[in-house]
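Fold and contact review
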Amino acid sequence: THVVCQPCFGCKYTDCVVVCPVECFYEGDKILYIHPEECIDCEACVPECPVEAIFHEDNVPEEWQGFVELNAEMAPQCESITEKKEPLADN
Ligand code: F3S
């Protein structure tokens, strides 16, 4: 699976969700999550994220390891997001 990490927090550019073929993104208040049982590792979202927040679970930087579990825990509790929306970050 792929994982959304710290750079997404407070940004939510949502460019990632429109390219996902399996609609595996879920929306938290400040960050998006990827559902690990739905992600097919196509990697389409990786280059779309302007802040490089998405990593394969095996390549998550050390300081963001906690996001692997966080995505798995939170995705099932959040609403699916499949359309781009206004980002939180205004840059
Ligand atoms: Fe977040 Fe990047 Fe998607 S900032 S919402 S992971 S495009």
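Attention here is on the structure that accompanies the text. All values reported here derive from a predicted model rather than from experimental measurement. (Residues numbered from 1 in each chain as written. Predicted model: local features only at pLDDT ≥ 70, side-chain atom pairs only at ≥ 80, totals over all residues. Heavy atoms only, no water.)

Points about the packing of aromatic side chains
- Within the structure shown, the criterion is met by 1 aromatic pair.
- Seen in terms of ring centroids, Phe-55 and Trp-64 are 5.9 Å apart; in terms of plane orientation they differ by 55°. Their pairing is tilted. (Phe/Tyr/Trp six-rings, centres within 6.5 Å; stacked < 30°, edge-to-face > 60°.)

Details of the nonpolar core
- Ranked by size, the top nonpolar core spans 25 residues in total, and within it Val-4, Cys-16, Phe-25, Leu-32, Ile-34 and Ile-54 carry the most contacts.
- Among the elements of the structure, strand 1 (2–4), helix 1 (15–19), strand 2 (25–27) and strand 3 (32–34) are those that each provide at least two residues to this core.
- By residue number, the principal contributor to this core is strand 3, which donates 3 residues.
- Excluding its chain neighbours within four sequence positions, the residues that come into contact with Leu-32 are Val-4, Cys-8, Lys-12, Thr-14, Cys-16, Val-17, Phe-25, Tyr-26, Glu-27, Asn-71 and Ile-81. (Core = buried A, V, L, I, M, F, W, Y, C linked by side-chain atoms within 4.5 Å. Buried < 20%, exposed > 50% of the residue type's maximum accessible area, 1.4 Å probe, protein only. Helix = DSSP H or I, 4+ residues; strand = E, 2+ residues; numbered from the N terminus. Contact = heavy atoms within 4.5 Å.)

Re the site of the ligand
- Of all residues adjacent to the ligand, which total 14 residues, the nearest are Cys-8, Lys-12, Thr-14, Cys-16 and Cys-49.
- Of the residues assigned to the shell around the ligand, the class counts are 11 nonpolar, 1 polar and 2 charged. (Near = heavy atom within 4 Å. Nonpolar A, V, L, I, M, F, W, Y, C, P; charged D, E, K, R; others polar.)

Brief notes about the state of the cysteines
- Here the structure, examined in full by the defined rule, presents 0 disulfides.
- Note on Cys-20: no disulfide assigned, nearest cysteine sulfur contributed by Cys-24 at a separation of 3.6 Å.
- When its relative accessible area of 13% is taken as the criterion, Cys-20 is described as buried. (Disulfide = S-S within 2.5 Å.)

A short note on the pattern of salt bridges
- Tallying each qualifying case throughout the model produces 3 salt bridges.
- The partner of Lys-12 in a salt bridge is Glu-27, with the nearest N and O atoms 2.9 Å apart. Highlighted residues: Lys-12 in the loop between strand 1 and helix 1 and Glu-27 in strand 2, separated in sequence by 15 residues.
- Residue Lys-12 is classed as buried on the basis of its relative accessible area of 7%.
- Note that Glu-27 and Lys-85 form a salt bridge whose closest N and O atoms lie 2.6 Å from each other. Of this pair, Glu-27 sits in strand 2 while Lys-85 sits in the segment after strand 5 (79–80), placing them 58 residues apart in sequence.
- Via salt bridges that share partners, Lys-12, Glu-27 and Lys-85 belong to a single interconnected network. (Salt bridge = Lys/Arg side-chain N within 4 Å of Asp/Glu carboxyl O.)

Remarks on a negative patch on the surface
- Taken together, Asp-41, Glu-43, Glu-57 and Asp-58 make up a surface patch of like negative charges.
- In this structure, Glu-57 sits in the loop between strand 4 (54–56) and helix 2 (66–74).
- Residue class for Glu-57 comes out partly exposed when judged on its relative accessible area of 32%. (Patch = residues over 30% accessible without salt bridge, like charges linked within 9 Å, V, L, I, M, F, W, Y side chains within 5 Å. Areas by Shrake-Rupley, 256 points an atom, 1.4 Å probe, with all protein chains shown as cover. Lys, Arg positive; Asp, Glu negative; His and termini not counted. Charge placed at Lys NZ, Arg CZ, Asp CG, Glu CD.)

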